[in-house]
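Reading the structure
Take a look at the letters that make up each chain.
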Amino acid sequence: MSRTKRYSAFVLTGAALMLAYGLRMLGQSSEGRRGGESKESRAKLPEAPPIGFFGSYRVAADKMDPSRLPIIGAWRINFNKSDPVMKLQGRFKETGTTIYTAVNGGIKTETFLFYPPKDDSYKTVFTDDGREYWLKLDGKNIYENPQGPNGLGQTVGMWLIDRNTIYRERMTKGLIDERVLYRVSPDGKTLVWTTFNSAGDSGHVVWDRIELPPR
């Protein structure tokens, strides 16, 4: 082998070794970033600044104990701010009320077409006047009877997006048939339900925070 060929072979071998070493180090660096981004290190970083209608996205603790979420409390329907169809339907009355209560690490939801209800039969018997169900904010669509015990095999799952936003999916016999976004205003005085689907308009129901006497 000539001197020139030996030199070329040496240079090519060296370049190949450097490339292999660089790729190896790059792979280790990527793995280190993926494996080293632990919950502990993330928790040490400051939270991003708030944006408009959105609340804090550090919600792990609130999923376990929702008692401090701004949605907790009582709300009265506001026909003037809701989609006009809500009043035209005639289902909800002026005293239409929804109540969210933190119970056993989850949320008990009670919704009434008028308030106070005539009795508490809605807890065990299907009635359109009111309904009650309980769920956790874990995204599992396993919580039964979100419309009351109507025999339709319905379940609901809810995700806590940020402290002011909850996403809800209802399933009927295993098929998703309702999607709703719940949003509480930054001042905690207004709750908005937005129903949406792939076609047509979205729904829009607005609620004002109210104080109810102890029950």
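First things first, this report covers the structure right here in the doc.

Calculation notes
- Residues numbered from 1 in each chain as written.
- Predicted model: local features only at pLDDT ≥ 70, side-chain atom pairs only at ≥ 80, totals over all residues.
- Heavy atoms only, no water.
- Salt bridge = Lys/Arg side-chain N within 4 Å of Asp/Glu carboxyl O.
- Helix = DSSP H or I, 4+ residues; strand = E, 2+ residues; numbered from the N terminus.
- Buried < 20%, exposed > 50% of the residue type's maximum accessible area, 1.4 Å probe, protein only.

Here the focus is the pattern of salt bridges. Tallied over the entire structure, the rule returns 9 salt bridges. Arg163 is the partner of Asp62 in a salt bridge, and the nearest nitrogen-oxygen pair spans 3.1 Å. Of this pair, Asp62 sits in helix H3 (residues 60-64) while Arg163 sits in the loop between strand S6 (154-162) and strand S7 (165-172); the two residues are 101 residues apart in sequence, bridging distant segments of the chain. In this structure Asp62 comes out as buried when scored by relative accessible area, which is 10%. Overall, Arg163 belongs to the partly exposed group, its relative accessible area being 25%. Note that Glu132 is salt-bridged to Lys123, the shortest N-O span being 2.5 Å. According to the relative accessible area criterion, Glu132 is partly exposed, its value standing at 23%. According to the relative accessible area criterion, Lys123 is partly exposed, its value standing at 38%. Each of Arg168, Arg170, Asp177 and Glu178 takes part in salt bridges that share partners, so that together they form one network.

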